[in-house]
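Residue-level structure breakdown
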Amino acid sequence: MGEMKKLVEEGKIKYVGLSEASASTIRRAHAVHPITAVQLEWSLWSRDVEEDIIPTCRELGIGIVAYSPLGRGFLSGGLNMVANLSKDDFRKHHPRFQAENLEHNIKLFDLVNEIALNKGCTPSQLALAWVHHQGTDVCPIPGTTKIENLNQNIGALSVKLTAEEMSELESIAGSVRGDRYSSMTSTYLHSDTPPLSSWNA
């Protein structure tokens, strides 16, 4: 962060952001130079960041960039999406897409899809709307390769959710089965930097 601060002071970069950082790492980095944004996975599918990281960002005035707001695409198509994954798609190895968890998670998608049908929108629009409703400091970044999906994502901005609908969606999503990644993948849970006192320069 000290080196990043120098780059800002030299005018070579304007802002500094972090991705998949723990709350303590965010605090330590922010103490050296203001962090503008933290990128993290946040959706109805992944809400573990709400415990420590979201409150830390808001306490420090840091913007939140929510990646995979459609749950790795699962909240856009459910079982159809999973069935159409190519053989080398990395998502095939994620615990949530494994048979022992998928059967349960498909039921959750079906419930989300039912709410979407009642609201006259797609399940992906409903999922994106939920992220949009988290606050003006949140910017979801859904990935897409098709214009029709881009237009659909933009349409999510028009989906308004009541407090009751938000609560219902969160209740459904609260029982997602399977970890976000396999145990071989590092996330913010494994990214705490060691204390300075432990460094051997």
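Reference entry: report on the structure contained in this document. None of the values given here were measured: they were computed from a predicted structure. (Residues numbered from 1 in each chain as written. Predicted model: local features only at pLDDT ≥ 70, side-chain atom pairs only at ≥ 80, totals over all residues. Heavy atoms only, no water.)

1. A short note on unusual backbone geometry
Spelled out, the test is: Put simply, DSSP marks the helices as runs of H or I at least four residues long and the strands as runs of E at least two long, and each gets a number from the N terminus on.
We note that Glu20 has phi near 50 degrees; this positive angle belongs to a residue other than glycine. Inspection of the secondary structure puts Glu20 in the loop between β1 (17-19) and α2 (23-32). You will see that Arg72, though not glycine, has its phi angle at about 60 degrees, which is positive. Structurally, Arg72 is set in the loop between β3 (63-67) and α4 (74-77).

2. Considering empty space enclosed by the protein
Sizing a probe to match a water molecule and rolling it over the atoms shows the empty space that remains. Test applied: A cavity, in this analysis, means grid points on a 1 Å lattice covering only the protein atoms where a 1.4 Å probe fits yet has no way out; a pocket is instead an open set bounded by protein on both sides within 12 Å along at least five of seven lines, and a residue lines either one if it has an atom within 4 Å of a point. Grid points are joined across faces, edges and corners, and a volume is the space filled by probe spheres set on the points. Residue polarity follows a fixed list, in which Ala, Val, Leu, Ile, Met, Phe, Trp, Tyr, Cys and Pro are nonpolar, Asp, Glu, Lys and Arg are charged, and the others, Gly among them, are polar.
Summed over all chains, the structure comprises one cavity of 30 Å³ or more. Computed from the structure, the largest cavity encloses a volume of approximately 80 Å³. Together, Leu44, Trp45, Phe74, Leu75, Asn105, Leu108, Phe109, Val112, Ile172, Ala173 and Val176 line the largest cavity. Those elements giving two or more residues to the lining of the largest cavity turn out to be α4, α6 (99-119) and α9 (163-173). It is α6 that provides the largest number of residues to the lining of the largest cavity, a total of four residues. Of the residues assigned to the lining of the largest cavity, the class counts are ten nonpolar, one polar and no charged.

3. A look at the pattern of salt bridges
Note the threshold: We define a salt bridge as a contact between a side-chain nitrogen of Lys or Arg and a carboxyl oxygen of Asp or Glu at a distance within 4 Å. Throughout, exposure labels follow a simple rule: accessible area from a 1.4 Å probe, protein chains only, divided by the maximum for the residue type, with under 20% read as buried, over 50% as exposed, and the rest as partly exposed.
Applying the stated criterion across every chain, the model contains seven salt bridges. One salt bridge in this structure joins Lys6 and Glu3, with 3.1 Å as the shortest N-O distance. Of this pair, Lys6 and Glu3 both sit in helix α1 (residues 2-9), three residues apart, roughly one helical turn. Measuring nitrogen to oxygen at the nearest pair gives 3.0 Å for the salt bridge that ties Arg72 to Glu41. Taken as a pair, Arg72 in the loop between β3 and α4 and Glu41 in strand β2 (residues 37-41) lie far apart in primary sequence, 31 residues in all. For Glu41, a relative accessible area of 1% translates into the label buried.

4. Brief notes about the sheet that holds strand β4 (residues 138-141)
What counts is decided by this rule: Pairing between two strands is assigned when DSSP locates at least 2 bridges connecting them. For helices, the fitted axis covers only the stretch in contact; all axes are lines through C-alpha atoms, and the angles between them, taken along N-to-C directions, range from 0 to 180 degrees.
The four strands lie next to each other as β1-β2-β3-β4, forming an open sheet whose pairing is parallel. The open sheet is flanked by β1 and β4, the only strands paired with a single partner. Each neighbouring strand pair of the sheet contributes to a mean axis angle of 20 degrees, computed without reference to strand direction. Of the strand pairs in this sheet, β2 and β3 are connected by five bridges, and their pairing is parallel. Directly across from Val38, in β3, lies its bridge partner Ile64.

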